[in-house]
Amino acid sequence: MTKAKAKTKTKNPAPPSADIPKELVVVPIMNGPIFPGMIAPIVLSQDRYTTELDESLSQQEYLALNLVKHKGGPQKGDDGEGREEYEEGEEYEENDLGEEDRPIIQVSSKDIYRVGVLCKVVKRLHLPDGSVNILVHGIRRYRIDSFVSEGPLIVIQHDILDDVLESDEELDAYVRSVIHQVKKLSEINPYFNEEMKLAMLNSPGPGSLADLVAFALSLDIPEAQDFIETLVVKKRFAKLLIYLKREKEVSDIQKKITDEVNDKVNKHQKEYFLREQLKVIRNELGMDEDDKAKDIKKFNDLIEKAKMTEEAQKVALEELERLESIPETSPEYNVTRTYLQWLVDLPWSVTTEDAKDIDKAKAILNKDHYGLEKAKERVLEFLAVRQLRPHYDGTILCFAGPPGVGKTSLGKSIAKALERKFYRFSLGGMRDEAEIKGHRRTYIGSMPGKLIQTLKRVQTNNPVIVLDEIDKLGQSFQGDPASALLEVLDPEQNSSFIDNYLDVPFDLSKVLFIATANSTENIPSPLLDRMEVIELPGYTLEEKLSITHKWILPKQIKKHGLTSKNISITQTLIKKLIEDYGRGPGVRVVEQSMAKICRRAALEKVSSKQKTKFAPKPQDLENILGPKRFSSEKIGKGARPGVVTGLAWTGLGGDILHIETIPLKGKGFKLTGQLGDVMNESANIAYSYIQKMLQDDEISSPKASKRGRKTPVANVVRKKKRGSDSAIGDDESGDTSTKSKDFLSTHEVHLHLPAGAVPKDGPSAGITMALAMYGLAKGKKVRTELAMTGELSLTGKVLPVGGIKEKVLAAKRAGIRQIILPKENEKDLKEVPERHRKGLRFFPVSHFDEVLTIAFSRRKIGG
């Protein structure tokens, strides 16, 4: 804020106190205090310059100026009363005042300080906008003695305050120190100019000198009021030195900042002029073009060679024209240059020619992977269609299966068979949508998404891209990557995919996308609908044996620096290793275990003096690999009522499950074994169905027709009642018709699924649990070579389940010879190779009555 020019009255000393009226009008001011000896203007707006104030100024030429208190606690001289803060536009208006104006406000007597300055009105000037400019001359300090009137004007009686001046050497030292500090400030602060120095030299006394310097320092209200109230001149100089030191420090910092800014500006200007001069010199000497001109020429050629789409070429040329107008020193230059580099580096028209030899492609797939017939067949179909229709694109495959079955490596083999470029990136844990679609160019460090980056790396627009772990995509506040993939994996949309960074369409329809997942349950339905899912269920024991013998073992022997002369691994050992350590659906654990055996062989070769071949036996596996990870689940030797063998599917493949039930005193139903919600519901359905069946048996006649069901169960549960000697429901336990009477009403049934630490869920054990409870109630045993799977409904229907192939393999591994499965799952047996079905007998059923008929028969049903 520009200060009004201060003037000292050396020739016109202050009038005596007797000439100043005892009663004066107080004009409160907000900032910019006026000290004695100063001349400065104050402005009163039209609504503040009242008639009463005009009449008062017409009658006498003196008035009092007092600063207004601010909120923030009591200050010296305000009699312990807190300051008050005024809302903008509420008590006064400040926005319409000029830089030299001191706001005049309307306040009460409590809002002003008691010590102020008496002034003489030198001139009054009415301005065109209705306001009045009053030029005042500060005369003396004063203190309010009493208030005569508070409205409409504040009228007071006053006491004149005189300076306390002690002329001695200390005061001279203070004066010299202040003058010295002002001289230092004059070098960096433009306000302390020659005119200011001259006014200081012409000051009538030390007190006036101190007031003049304080006026130039722009003190805030509390400091200014404190300075006005300081009557002892020495103390006034002491405070002034503190203020001058602070002003010097602030001025030094301000000068430092200004110098730094000027240096930067001068540096850029200097570089600009030097570059321009260099450009002129080069042109005069006929030398090569500068870097910018080279960039422009290079990009112009690359845009022509890239054979972009019409829209992309138009954008590239516009950006190139923009690049020409941007100085090289500007940050925008590098941003635009990087964008152009991405555009010209993309393979807009570069396409890899597909292999046409189907037999060769088939040989490559069979060489790299054992089994996986469905996936191989789908790739060969793709090749066949491409031969008939070369422009056939838009294939999106999804390989779903447990870990270690070769999903990712199969994608690499497909690229090899098609003779295309291959690239893989993992989607696991990805939570930012920009990873797929890129960042917008408005952000610093922005770049395209993974897909555009991939195309730049492989330099072809039809690679095989494997999107690994698509079922493990995450979500966050940064967006949903799964939603961004909807456009990428839609053949109808990806022909014009727009990356946020490029902001021009790019054709992704020629890319062969292969997604991999462990489970399709976690993939959003809209995304799953866009992909052709191919299930990879896992390898059987025979398949693992073949894979280990043909691929894993030779690979590990070579990797560990061994030869067939150093190590000997038998088929028996490999089978034992798979059963005890690598029972999972994949072969990753088998490969790790085989690597450990090879490392042991390498150690034996290096440390042993005898050059003998390392040939471990099956019983040596525990010494090499540690304790067995899996125990072979075999069927029990003896059967007992209430225990039935079921079939289950796990993440490691199929397994058998012994469902156990025991009777307890009381009434009710107890479940244990860490069962999930679905399995809990399935167990309750089985309990309710068996309870209803037993109640019907108690109140019905021996004839099946009176029970309302024409099913074989009548023969199972009533042959003893009819006394038939050839009943297939006969059991060595004797007559059980009375044993089950009111059984569930008098007994609590406890049903348990062993391996309690393993979570279990799903509806496929419904018929198994129902049969266990029925056998417990009837006292009947189920044959140990019989296992089953199937969901049970409340009406007794047997509903289809999943994982038939894995369950059949588990049953054969455990020595099961007969399997009950839902009628609707009979078609799934075709997925089980003939060699695995050999020796097994299957019983498709559609109702639980058929389960009872088969389970309690003593004859070999079906031959």
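Draft legend 1. Inspection of the side chain of Glu 748 at higher detail. Examined against the element boundaries, Glu 748 turns out to sit in strand β17 (residues 747-752). In this structure, Glu 748 is buried with no salt-bridge partner, the nearest side chain bearing the opposite charge being Lys 670 at 4.4 Å. Once residues within four sequence positions are removed from consideration, Glu 748 is found in contact with Ile 662, Pro 663, Leu 664, Lys 665, Gly 666, Lys 667, Gly 668, Phe 669 and Lys 670.

Draft legend 2. Main features of unusual backbone geometry. Despite not being glycine, Lys 307 has its phi angle at roughly 50 degrees, a positive value. Note that Lys 307 resides in the loop between α7 (291-306) and α8 (310-325). Overall, the relative accessible area of 61% leaves Lys 307 in the exposed class. Phi at Gln 674 takes a positive value of approximately 55 degrees, unusual for a residue other than glycine. Tracing the sequence through the fold places Gln 674 in the loop between β16 (668-672) and α21 (677-699). For Gln 674, a relative accessible area of 41% corresponds to the partly exposed category.

Draft legend 3. Seen up close, the sheet that holds strand β7 (residues 396-400). With respect to topology, five strands assemble into an open sheet ordered β8-β9-β12-β7-β13, the strand pairing being parallel. In this open sheet, the two strands that pair with only one neighbour each are β8 (422-426) and β13 (532-535). Strand-to-strand, the axes of this sheet are offset by a mean angle of 20 degrees, without reference to chain direction. For strand β9 (residues 464-468) and strand β12 (residues 512-517), the ladder comprises four bridges, and the chain directions are parallel. Opposite Val 464, over in β12, you have Leu 512 as the bridge partner. Relative to the sheet, helix α12 (residues 407-418) contacts β7, β8, β9 and β12, its axis offset from that of β12 by approximately 165 degrees.

Draft legend 4. Quick look at the environment of Thr 516. Mapped onto the elements, Thr 516 comes out in strand β12. Taking the C-alpha atoms as reference, Thr 516 lies 5.0 Å from Asp 468; in sequence the two are 48 residues apart. The residues touching Thr 516, leaving out its near neighbours within four places in the chain, are Phe 399, Lys 407, Thr 408, Val 466, Leu 467, Asp 468, Glu 469, Ile 470 and Asp 471. Within the structure, the side chain of Thr 516 is placed 2.3 Å from the side chain of Asp 468, a separation counted as a polar contact.

Draft legend 5. Examining the confidence of the model for the chain more closely. When pLDDT is averaged across the chain, the result is 79; 84% of the residues are at 70 or more. Every residue in residues 1-12 scores below 50 in pLDDT, and together they form 33 contacts with partners more than four places removed in sequence or on other chains. Predicted confidence is poor over residues 72-101, with pLDDT under 50, and the contacts of this stretch with residues over four places away or in other chains come to 57 contacts.

Draft legend 6. Summary view of helix α11 (residues 373-388). Under the 1.5 Å per step criterion, the end-to-end length of α11 is 23 Å for 16 residues, consistent within 8% with the ideal 22 Å. For α11, the full list of buried residues reads Ala 375, Lys 376, Arg 378, Val 379, Leu 380, Phe 382, Leu 383 and Arg 386. Buried residues belonging to α11 abut α10 (358-368), β7, α12 and β13.

Draft legend 7. Local environment of the layout of surface pockets. Computed from the structure, the second largest pocket encloses a volume of approximately 810 Å³. Lining the second largest pocket are 26 residues, with His 369, Gly 406, Ser 409, Lys 555 and Glu 591 sitting closest to its centre. Among the secondary structure elements, those contributing two or more residues to the lining of the second largest pocket are α10, α12, α17 (541-559) and α19 (588-607). Looking at the lining of the second largest pocket element by element, the count peaks at six residues for α12. Here the lining of the second largest pocket is composed, by residue class, of eight nonpolar, eight polar and ten charged.

Each value, and the rule that gives it
Residues numbered from 1 in each chain as written. Predicted model: local features only at pLDDT ≥ 70, side-chain atom pairs only at ≥ 80, totals over all residues. Heavy atoms only, no water. Helix = DSSP H or I, 4+ residues; strand = E, 2+ residues; numbered from the N terminus. Buried < 20%, exposed > 50% of the residue type's maximum accessible area, 1.4 Å probe, protein only. Lys, Arg positive; Asp, Glu negative; His and termini not counted. Salt bridge = Lys/Arg side-chain N within 4 Å of Asp/Glu carboxyl O. Contact = heavy atoms within 4.5 Å. Pairing = 2+ DSSP bridges. Axes fitted to C-alpha atoms, helices over the stretch in contact; angles between N-to-C directions. Polar contact = N/O pair within 3.5 Å; in protein donor to acceptor, adjacent residues only side chain to side chain. pLDDT = per-residue confidence, 0-100. Expected span 1.5 Å × (residues − 1). 1 Å grid on protein atoms, 1.4 Å probe; cavity = no way out; pocket = protein on both sides within 12 Å on 5 of 7 lines; lining within 4 Å. Points joined across faces, edges and corners; volume = space filled by probe spheres on them. Nonpolar A, V, L, I, M, F, W, Y, C, P; charged D, E, K, R; others polar.

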